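Remarks on the overall topology
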Amino acid sequence: MIVDLRSLRLHQGGHLLVKRALQALPIGEVITVQGEDPELSLHLRAWARAQGHGFQEPATLRKGDAERSRWAQAHLAGTAGVDGVVDYAQAQWGVAARGAQVEAGLPPLPFALSQRQQVWSPQAPRMYAQAAAAQWDPETAIPWDAPISHPEEVEDAVVQVMTYLIENETVALLVPARFLAQVHPHFREILQVLAIQVADEARHIEVFSRRAGLRRERLGRSTAGGQASLRTLLEEPDFALASFLLSVLGEGSFLELLRFLHTHAPDAITAAVVRLSAQDEARHVAFGLAHLEAHLEADPDLRPRLAAAVHQRHAALQHTAGLNAEVFDALTLLAAGGWEPERIAAGHAAVVQLSVDMDRGRRARLQRLGFDREQAAALSALHTRNFM
């Protein structure tokens with residue numbers, strides 16, 4: 001067989017034609033390479049040595065078995081597609097794509113979350129696709145130039161609530177970000193879902209901050225009790241427990257708060273900010289539930305650990321003040337819409353009803369995870385008074 005490179009030099013891509021010709025031959029067969037490059041023989045000798053092929057003048061190659069030997073011990077990192085997800089992803093696969101051939105001899109790259117039951121949900125590919133399609137641009141999706149005509153005290157209430165939302169969403173960003181780097185790349189859909197959750201929360205922080213700063217230079221207050229509650233989420237080292245406390249209990253309650261704020265928003269800007277954020281949070285709660293349902297199906301012993309996590313968090317926070325009093329008062333004023341005693345009474349009742357709605361939602365999600373009615377009620381009652 002003769003491979004004629006003509007004016008093409010070996011280092012300019014000519015080696016591709018040589019490789020193609022060799023691939024079609026059995027081990028030991030020879031080809032002759034010719035071309036117009038006066039240094040072809042010199043470059044061909046070096047290339048053949050690097051590739052494990054024999055060489056003899058003037059420009060003849062004998063196919064070696066170095067390539068076959070190199071990949072004989074390769075690992076297959078599952079198979080391409082969702083059906084190729086394995087129960088345990090090996091550290092020797094590194095960051096190889098699912099379905100790729102991984103050369104043997106690579107140093108292991110361990111990931112803490114490498115077992116399927118720890119992270120996987122069959123709903124993850126669909127949820128990621130939905131989340132990617134539902135992304136929104138804060139600049140165009142929110143009517144930032146809409147008029148704000150409510151009283152200054154109502155604006156102060158909006159700013160206080162936005163301040164509270166920002167610190168909660170900061171933790172909702174940090175928790176999935178912390179686990180993101182621990183998930184084995186084999187479970188790429190989980191990486192994608194967590195990454196888009198981080199992006200969602202970053203966008204929420206942006207729009208809450210922007211809304212708070214529209215008419216105020218200074219934000220509201222952040223209490224020690226509120227931060228203590230959020231800190232327990234950051235300190236939870238277990239992915240399943242952190243997902244349970246944050247997504248199923250915390251963000252589920254937070255979702256009710258955003259809906260409440262949309263109902264009682266005093267202006268179109270605030271209404272759009274919380275409405276769009278609620279759409280994202282609903283997906284986060286859905287993924288948390290789907291992930292834990294799959295985990296519980298594979299490991300029913302997880303359920304007592306979930307309950308223990310609630311009790312442990314409650315014990316850690318029982319001496320804290322809970323919800324920022326300024327936040328409660330701000331929510332009351334927003335729901336009241338005015339300072340008449342009757343309106344304040346109605347606003348207070350609405351905030352009390354919000355807590356009832358949060359409790360009802362938590363109970364429903366807990367029962368979906370297999371807790372009976374009494375267990376769900378008891379665990380929901382122990383949830384932090386800081387909502388998240």
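Please read all numbers here as calculations on a predicted model, not as lab measurements.

Here is what the cut-offs are and how they apply
Each chain carries its own residue numbering, running from 1 in the direction its sequence is written. In keeping with the predicted nature of the model, local features appear solely for residues at pLDDT of at least 70, side-chain atom pairs appear and are counted solely at 80 or more, and the whole-chain, interface and lining totals rest on all residues. Think of the side-chain values as coming from all heavy atoms in the structure, minus any hydrogens and water. Put simply, DSSP H or I for four residues or longer makes a helix, DSSP E for two residues or longer makes a strand, and each gets a number counted from the N terminus. Values of the radius of gyration come from C-alpha atoms, whereas the globule rule sets the reference at 2.2 Å times the count of residues to the power 0.38. Burial classes: relative accessible area under 20% of the type maximum marks a residue as buried, over 50% as exposed, and values in between as partly exposed (1.4 Å probe, protein chains only). We call two residues contacting when some pair of their heavy atoms lies within 4.5 Å. Using a 1.4 Å probe, accessible areas were evaluated by the Shrake-Rupley method; residue-level cover was limited to the displayed protein chains. Counting rule applied: Lys, Arg positive; Asp, Glu negative; His and chain ends not counted. In this description, the location of a charge corresponds to atom NZ of lysine, CZ of arginine, CG of aspartate or CD of glutamate. Helix axes are fitted only over the stretch in contact, all axes being lines through C-alpha atoms; the angle between N-to-C directions runs from 0 to 180 degrees. Roughly parallel refers to an angle under 35 degrees, roughly antiparallel to one over 145, roughly perpendicular to one between 65 and 115, and oblique to any angle outside these ranges. For any pair of crossing helices, the crossing counts as left-handed if the nearer helix is rotated counterclockwise from the farther one by less than a right angle, and right-handed if it is rotated clockwise. We define a polar contact as two N or O atoms separated by no more than 3.5 Å, with the added condition that, inside protein, one atom must be a possible hydrogen donor and the other a possible acceptor, whereas residues neighbouring each other in sequence contribute only through side-chain atom pairs. Side-chain atoms within 4.5 Å link the members of a nonpolar core, which is a set of buried Ala, Val, Leu, Ile, Met, Phe, Trp, Tyr and Cys residues. The criterion for an aromatic pair is that two Phe, Tyr or Trp rings (for Trp, the six-membered ring) have centres within 6.5 Å, with stacked assigned to planes under 30 degrees apart, edge-to-face to planes over 60 apart and tilted to the rest. Two thresholds decide whether a charge sits over a ring: the Lys NZ or Arg CZ must be within 6 Å of the ring centre and within 35 degrees of the ring normal. Only when DSSP finds a minimum of two bridges between them are two strands counted as paired. By convention, orient the strands away from the viewer: a clockwise path from the first strand over the helix to the second makes the crossover right-handed. Expected span of a helix, by definition, is 1.5 Å for each gap between consecutive residues, and there is one gap fewer than residues. Here the bend at each residue means the angle between axes fitted to two seven-residue stretches, the one ending at that residue and the one beginning there.

A word on the overall build of the protein chain
Scanning the protein chain from N- to C-terminus turns up 15 helices and six strands. Computed over the C-alpha atoms, the radius of gyration of the protein chain is 30 Å, more than 25% above the 21 Å expected from 2.2 N^0.38 for a compact globule of 388 residues. Taken over 388 residues, the protein chain has a buried fraction of 48%. In the protein chain, the proportion of contacts linking residues at least 24 apart, taken out of those at least 6 apart, comes to 76%. As displayed, the protein chain has an accessible area near 18600 Å², and 53% of this comes from carbon and sulfur atoms. Taking the average location of the 37 positive side-chain charges in the protein chain and that of its 45 negative ones, the two points are 5 Å from each other.

Some words on the packing of helix H8 (residues 188-212) against helix H11 (residues 268-298)
The N-to-C vectors of H8 and H11 enclose an angle of 160 degrees; their axes lie 10 Å apart at closest approach. The orientation of H8 relative to H11 falls into the category roughly antiparallel. Note on packing geometry: the crossing formed by H8 with H11 is left-handed. Taking contact as the criterion, the partners of Ile190, Val193, Leu194, Gln197, Asp200, Glu201, Arg203, His204, Val207, Phe208 and Arg211 in H8 are, on H11, Ile269, Thr270, Val273, Ser277, Asp280, Glu281, Arg283, His284 and Phe287.

Quick look at the side chain of serine 229
Here serine 229 shows up in helix H9 (residues 224-235). A polar contact is formed between the side chain of serine 229 and the side chain of threonine 384, at a distance of 2.9 Å. Each residue touching serine 229, except ones within four places of it in the same chain, is listed here: Arg313, Leu317, Thr384 and Asn386.

Brief notes about the environment of alanine 112
With respect to the element layout, alanine 112 can be found in the loop between strand S6 (101-102) and helix H4 (116-119). Taking C-alpha positions, alanine 112 is 6.7 Å from valine 183, a pair spaced 71 residues apart along the chain. Excluding its chain neighbours within four sequence positions, the residues that come into contact with alanine 112 are Gln118 and Gln182.

A look at the nonpolar core
Counting 91 residues, the largest nonpolar core has Ile142, Leu165, Ile190, Phe244, Leu257, Leu261 and Leu331 as its most contacted members. Sort the elements by how many residues they give to this core and helix H10 (residues 239-263) lands first, with 15 residues. In this structure leucine 261 touches Val161, Leu165, Val274, Leu331 and Leu334, once residues within four positions along its chain are discounted. If you look at the next biggest cluster of nonpolar residues, it comprises 16 residues, including Val3, Ala21, Ile31 and Val33.

Here's the deal with the packing of aromatic side chains
How two aromatic rings sit relative to each other is given by the distance of their centres and the angle of their planes. Summed over the entire model, instances satisfying the criterion amount to three aromatic pairs. Arginine 203 extends its terminal NZ or CZ atom over the ring of tryptophan 136, reaching a point 4.5 Å from the ring centre. Its end group placed over the ring of tryptophan 144, arginine 210 keeps NZ or CZ at 4.2 Å from the ring centre.

Observations concerning the environment of proline 58
Tracing the chain through its elements places proline 58 in the loop between strand S3 (54-56) and strand S4 (60-62). Given a relative accessible area of 58%, proline 58 falls into the exposed group. Proline 58 sits 14 residues away from leucine 44 along the chain, and the two C-alpha atoms are 9.9 Å apart.

Comments concerning the pairing of strand S2 (residues 30-34)
Every second residue of S2 is oriented toward a common face, the buried set being Ile31 and Val33 and the non-buried set Val30, Thr32 and Gln34. Alignment of strand S1 (residues 2-4) against S2, held across three bridges, turns out to be parallel. Residue pairing across strands places isoleucine 2 opposite threonine 32, the latter belonging to S2. As for the winding sense of the linkage, the β-α-β connection from S1 through helix H1 (residues 14-23) to S2 is right-handed.

Comments concerning H10
Taking 1.5 Å of rise per residue, 25 residues should cover 36 Å, and H10 covers 34 Å from first to last C-alpha, within 8% of that figure. Maximum bend of H10: about 35 degrees, positioned at glutamate 251. Most of H10 sits out of view: 22 of its 25 residues are buried. Two or three places before alanine 240, at the start of H10, stands the capping residue aspartate 238, its side-chain oxygen 2.9 Å from that residue's backbone nitrogen.

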